Amino acid sequence: MRLKQKLIGFWLTLAFTTTVVVAADSGLAYPPPLKPAGQEVKAARLAAELLSRFHYKAVPLDDALSSKMFDQYLKALDPEKLYFLQSDIDRLAVDKARLDDAILGEDLRVPFEIFNLYERRAVERMAYARSLLLKGFDFSGDETLMMDRKDQPWPATEADSLDLWRKRVKNDWLRLKLAGQDDAAIAKVLDKRYASAEKRIGKIKASDAFQAFMNAYTTAIEPHTNYLGPRAAENFDISMRLSLAGIGAVLTDIDGYATIRELVAGGPALLSGKLQVGDRIVGVAQGETSPLEDVVGWRLDDTVALVRGAVGSTVRLDVLPADQGPDAPLKTVVLVRKTITMQDSAAKAKVYSVATGEGKRLIGVITLPSFYEDVEGLRRGDKDYRSAGRDVARLLADMKAQKVEAVLIDLRNNGGGSLREAIGLTGLFVGKVPVVQTRNARGEISVERNINTGVAWDGPMGVLINRSSASASEIFAAAIQDYGRGLVIGEPSFGKGTVQTVADLDQIAKNTSPVYGELKLTIAQFFRVNGGTTQLRGVTPDISLLASGDAASFGESSFGNALPWTRIKAVDYVPVGQIAAQVPRLLAWHESRVQRDREYQGLVEDLAKAQQRRKNNVISLNEAKRRKERADSEARLSAILGAGGSSAAGVLADDGLQFNERKLSKDLAIEKTQKSVVDILLNEAVSILSDSAALKEGKTQMESSALSTRPVVVTSLPGEPMKQ
């Protein structure tokens, strides 16, 4: 249920051996050709048998799938079309329909030949990049660089490829120049970076090449199916989630950057408020004074090894913010590693006072980072075992005692968790009813019902979601929406409506030692009680707030081969509320309010500019233009800080600042002001819930002066301490 993928990224560096071969014709140090091992051949065949028989989308391993595998393989090795030439692709395409035969015939020479050519091209490009550093660059011209080349063709000629790399190195140089470094320092930093990448090319193992090929096979079927070799499986099982580096972040490789894929509830990364999904880690240092190690282009698990450390120790990260351009100032984030416990992930609550023009109204907000459950405590029969549903029920009772008039469940960045808890939590608001349907690979449909929990809150309620709300979060939000029980507010959710299981290939083969690895495969799909699925489209809010990211680059729809949205027969269910009837009035009041909100409108402007930058997809290599762009950005930042500083009466919630903080994190001086910046989106959601409560009171007409205004926190309700 938890949104997770066992992904090991590939850019130009992957793993380790120690020897290289010097090519006599060029003077370049090429790595020796890699060859598949016997156990890898057997693992590929065994994985194929499992995928063909048990995957939810059972796809035969034939020429059609082979063609998709070929495309996925090239995409994994060279996603930005930086290494191969078009002539390479034309030559390799001769074997496009033979990758299935390579697996079934237990002869993996073809995929390894593709990988070996990739390595040679990577060596050549890195050597050329280093040679450019001897000359330096002129930044007075009007050259531009296309930032995202995923949809572009491969370079037609060697000259085209070299010109592309010249511009990339020129941009790397300019970014450091804009950051204040002199030419000598820049040349040293970049030479070290490219030399490090070049060195790692010679350290790639056959097992890494095999894993790259196998993931091309699995992801050609659908994106949540993955293969992990023995080493990758072991690394992931060290707990890449809850104890990854002790910072609580899941990383993946995107274009050579160790990129944050998920922030773990209760982890230092999330609690700091300074990191967000999509941030790129470019440097890592131990302690607060040691020098930073540049990790751009490193293999992912090498970066993880630097970030991981002893509990209580300090790690310092240089980060390129997700929503900033490639030459934006880096932000330095200092984190203390820790072991993450269930208490860190527990539900917490705050009560807000909302001024309405007719008095004040109390609105409760419960922040739920995950659908957690103390499985061991449950198995032991501990009557006080901890779970999301039990904690939320306790908080709802506390809110009743404080006479709140509406409750908002904040599921932003909640990637899922226990299905059982999602079902039980739904019951706290709708009672003992069907909650979700599941269809397995055989087409069998089962209906999951809440039979354990009764209604704990029957007043106005809502659910706040964003693009990182996934899986169990989507099940809960969809059920609340289908039953007409409450408002869904925010942005469309992730869209992960599938169920995965992990198959240990060595256990299946009855091996005593791990040599085959593991296979994570999709085995079922979720459907709402209305018959639609949460897959691909996610949950669409009743009232949309600003989207904090680009839907095309994050979420299920960003995967080209995600399982499609579909529908099955609805269950026999009866809505318990008529919230849809409120939406037109609430939407009109929302729009009236945000039109007058300077902070909200500033957010609108920032997002529009960010979207325009993504759409342009080019960056100037002219120093004067880049400096002007940076000055404009800083001026806009100052304006935002001025507006935010004048509204310090807003809530200072440390669990709800993520969008503003990531937008404003530029340097230490700015970070000091972040605690006085309100959570614009949460505030507006609370105001919408206040308006909803007004409608229940029969107030169908309200003047603008009587609309709910910015809320102020009056009470915090943390969960009870964990019993020892």
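Residues numbered from 1 in each chain as written. Predicted model: local features only at pLDDT ≥ 70, side-chain atom pairs only at ≥ 80, totals over all residues. Heavy atoms only, no water.

1. What to know about the overall build of the protein chain
Part 1: Each helix and strand counted, the protein chain has 22 helices and 22 strands in total.
Part 2: Looking at the protein chain residue by residue over its 724 residues, the buried ones come to 57%.
Part 3: For the protein chain, the proportion of contacts with a sequence separation of at least 24, taken over those separated by at least 6, is 76%.
Part 4: By element, 53% of the accessible surface of the protein chain is carried by carbon and sulfur atoms, the whole surface being about 29,200 Å². (Helix = DSSP H or I, 4+ residues; strand = E, 2+ residues; numbered from the N terminus. Buried < 20%, exposed > 50% of the residue type's maximum accessible area, 1.4 Å probe, protein only. Contact = heavy atoms within 4.5 Å. Areas by Shrake-Rupley, 256 points an atom, 1.4 Å probe, with all protein chains shown as cover.)

2. Observations concerning the pattern of salt bridges
Part 1: For the structure shown, the criterion picks out 34 salt bridges.
Part 2: With its nearest N and O atoms 2.9 Å apart, the salt bridge here joins arginine 166 to aspartate 163. With arginine 166 and aspartate 163 both in helix 6 (residues 158–178) and 3 residues apart, this pair spans about one turn of that helix.
Part 3: Take arginine 166: its relative accessible area is 21%, and that puts it in the partly exposed class. (Salt bridge = Lys/Arg side-chain N within 4 Å of Asp/Glu carboxyl O.)

3. Describing the nonpolar core
Part 1: Counting residues in each nonpolar core, the largest one holds 75 residues, and the members touching the most others are Met69, Ile103, Phe115 and Tyr217.
Part 2: When residues of this core are assigned to their parent elements, the largest contribution, 11 residues, is made by helix 5 (residues 109–132).
Part 3: Not counting residues within four places of it along the chain, the set of residues in contact with isoleucine 103 comprises Ala44, Arg45, Ala48, Leu61, Met69, Leu108, Phe213 and Tyr217.
Part 4: Formed by 38 residues, the second largest nonpolar core is a distinct cluster that contains Ala346, Ala388, Ala456 and Val539. (Core = buried A, V, L, I, M, F, W, Y, C linked by side-chain atoms within 4.5 Å.)

4. Describing the pairing of strand 12 (residues 360–367)
Part 1: Where burial is concerned, most of strand 12 is hidden: 6 out of the 8 residues are buried.
Part 2: Pairing geometry for strand 11 (residues 348–355) and strand 12, over 8 bridges, is antiparallel. Across the sheet, the residue bridging to valine 351 is glycine 364, located in strand 12.
Part 3: What sits between strand 11 and strand 12 in their antiparallel hairpin is a turn of 4 residues, with glycine 357 showing a positive phi close to 90 degrees.
Part 4: For strand 12 and strand 13 (residues 406–410), the ladder comprises 5 bridges, and the chain directions are parallel. Of the residues in strand 13, the one forming a bridge with glycine 364 is valine 407. (Pairing = 2+ DSSP bridges.)

5. Quick look at the packing of helix 14 (residues 419–430) against helix 15 (residues 472–482)
Working note: a packed helix pair is described by the angle between its axes plus the distance between those axes.
Part 1: Where helix 14 contacts helix 15, the axes come no closer than 9 Å and their chain directions differ by 25 degrees. One way to sum up the angle between helix 14 and helix 15 is to call them roughly parallel. Crossing of helix 14 against helix 15: the hand is right-handed. Residues Leu419, Ala422, Leu425, Thr426, Phe429 and Val430 of helix 14 form the contact with helix 15, whose participating residues are Ala472, Ile475, Phe476, Ala479 and Ile480.
Part 2: A per-class count over the contact of helix 14 with helix 15 returns 10 nonpolar, 1 polar and no charged. (Axes fitted to C-alpha atoms, helices over the stretch in contact; angles between N-to-C directions. Parallel < 35°, antiparallel > 145°, perpendicular 65-115°, else oblique. Left-handed = near helix turned anticlockwise from the far one by under 90°. Nonpolar A, V, L, I, M, F, W, Y, C, P; charged D, E, K, R; others polar.)

6. Description of the packing of aromatic side chains
Part 1: For the coordinates displayed, the defined rule picks out 12 aromatic pairs.
Part 2: The interplanar angle of 40 degrees and the centroid separation of 6.3 Å between the aromatic rings of phenylalanine 137 and phenylalanine 139 together place this pair among those described as tilted. The residues phenylalanine 137 and phenylalanine 139 share a single accessibility class, namely buried.
Part 3: When the centroid spacing of 6.0 Å and the interplanar angle of 70 degrees are considered together, the rings of phenylalanine 429 and phenylalanine 476 count as edge-to-face. With phenylalanine 429 in helix 14 and phenylalanine 476 in helix 15, this pair connects stretches of sequence that are 47 residues apart.
Part 4: On the basis of relative accessible area, phenylalanine 429 is assigned to the buried category, the value being 2%.
Part 5: Judged by its relative accessible area of 0%, phenylalanine 476 falls in the buried class.
Part 6: Chaining the aromatic ring pairs together yields one cluster made of Tyr83, Phe84, Phe115, Tyr118 and Trp165.
Part 7: The aromatic ring of tyrosine 30 is capped on one face by arginine 120, whose charged end is 3.9 Å from the ring centroid. (Phe/Tyr/Trp six-rings, centres within 6.5 Å; stacked < 30°, edge-to-face > 60°. Lys NZ or Arg CZ within 6 Å of the ring centre and 35° of its normal.)

7. Describing the side chain of glutamine 535
Part 1: Structurally, the position occupied by glutamine 535 is in the loop between strand 19 (518–527) and strand 20 (543–544).
Part 2: Filtering out sequence-adjacent residues up to four positions away, glutamine 535 remains in contact with Gly495, Lys496, Gly497, Thr498, Gln525, Glu556, Ala562, Leu563, Pro564 and Trp565.

8. Examining the pairing of strand 7 (residues 280–286)
Part 1: Of all the 7 residues making up strand 7, 6 are buried; the element is thus mostly covered by neighbouring parts of the structure.
Part 2: Sheet topology places strand 6 (residues 257–263) next to strand 7; 2 bridges connect them, and they run antiparallel. In the strand pairing of strand 7, threonine 259 is matched with arginine 280.
Part 3: Where strand 7 and strand 9 (residues 314–320) come together, 6 bridges link them in antiparallel fashion. Its bridge partner lying in strand 9, isoleucine 281 is registered against valine 319.
Part 4: Bridge analysis of strand 7 against strand 8 (residues 293–294) gives 2 bridges, and the strand direction is antiparallel. Paired with valine 284 across the two strands is glutamate 293, which belongs to strand 8.
Part 5: Joining the antiparallel neighbours strand 7 and strand 8 is a turn of 6 residues, in which glycine 287 adopts a positive phi near 75 degrees.

9. Quick notes on the packing of helix 1 (residues 38–54) against helix 8 (residues 206–221)
Part 1: Taken N-terminus to C-terminus, the directions of helix 1 and helix 8 make an angle of 15 degrees; their axes are 11 Å apart at the nearest point. One finds that helix 1 runs roughly parallel with respect to helix 8. The handedness of the crossing between helix 1 and helix 8 comes out as right-handed. Residue-level contacts link Glu40, Ala43, Ala44, Ala47, Ala48, Leu51 and Ser52 of helix 1 to Ala206, Ser207, Phe210, Met214, Tyr217, Thr218 and Ile221 of helix 8.
Part 2: For the contact of helix 1 with helix 8, the per-class residue count stands at 10 nonpolar, 3 polar and 1 charged.

10. What about empty space enclosed by the protein?
Part 1: Scanning the entire structure with this criterion turns up 5 cavities of 30 Å³ or more.
Part 2: Here the second largest cavity defines a volume of roughly 40 Å³.
Part 3: As for the second largest cavity, its lining consists of Arg412, Leu464, Ile465, Asn466, Gly490, Glu491, Leu545, Leu546 and Leu681.
Part 4: For the lining of the second largest cavity, the class distribution of residues is 5 nonpolar, 2 polar and 2 charged. (1 Å grid on protein atoms, 1.4 Å probe; cavity = no way out; pocket = protein on both sides within 12 Å on 5 of 7 lines; lining within 4 Å. Points joined across faces, edges and corners; volume = space filled by probe spheres on them.)

11. A word on helix 15
Part 1: Counting buried positions along helix 15 gives 11 out of 11 residues, so the element sits mostly inside the fold.
Part 2: Its buried side turned inward, helix 15 meets strand 13, helix 14, strand 14 (434–440), strand 16 (461–465), strand 17 (487–490) and strand 19.
Part 3: Backbone geometry just after helix 15 places glycine 484 at a positive phi near 65 degrees.

12. As for the confidence of the model for the protein chain
Part 1: Scored by pLDDT, the protein chain comes out at a mean of 83, with 83% of its residues at no less than 70.
Part 2: Per-element averaging of pLDDT across the protein chain places helix 20 (residues 658–664) at the bottom with 29 and helix 15 at the top with 98.
Part 3: Per-residue pLDDT stays below 50 along residues 236–245; that stretch engages in 32 contacts with residues further than four places along the chain or on separate chains.
Part 4: In the predicted structure, residues 643–678 sits below a pLDDT of 50 and forms 76 contacts with residues beyond four places in sequence or in another chain. (pLDDT = per-residue confidence, 0-100.)

13. Details of unusual backbone geometry
Part 1: A positive phi angle, close to 65 degrees, is found at lysine 403, a residue other than glycine.
Part 2: Locating lysine 403 in the fold gives a position in the loop between helix 13 (388–401) and strand 13.
Part 3: For lysine 403, a relative accessible area of 66% puts it in the exposed group.

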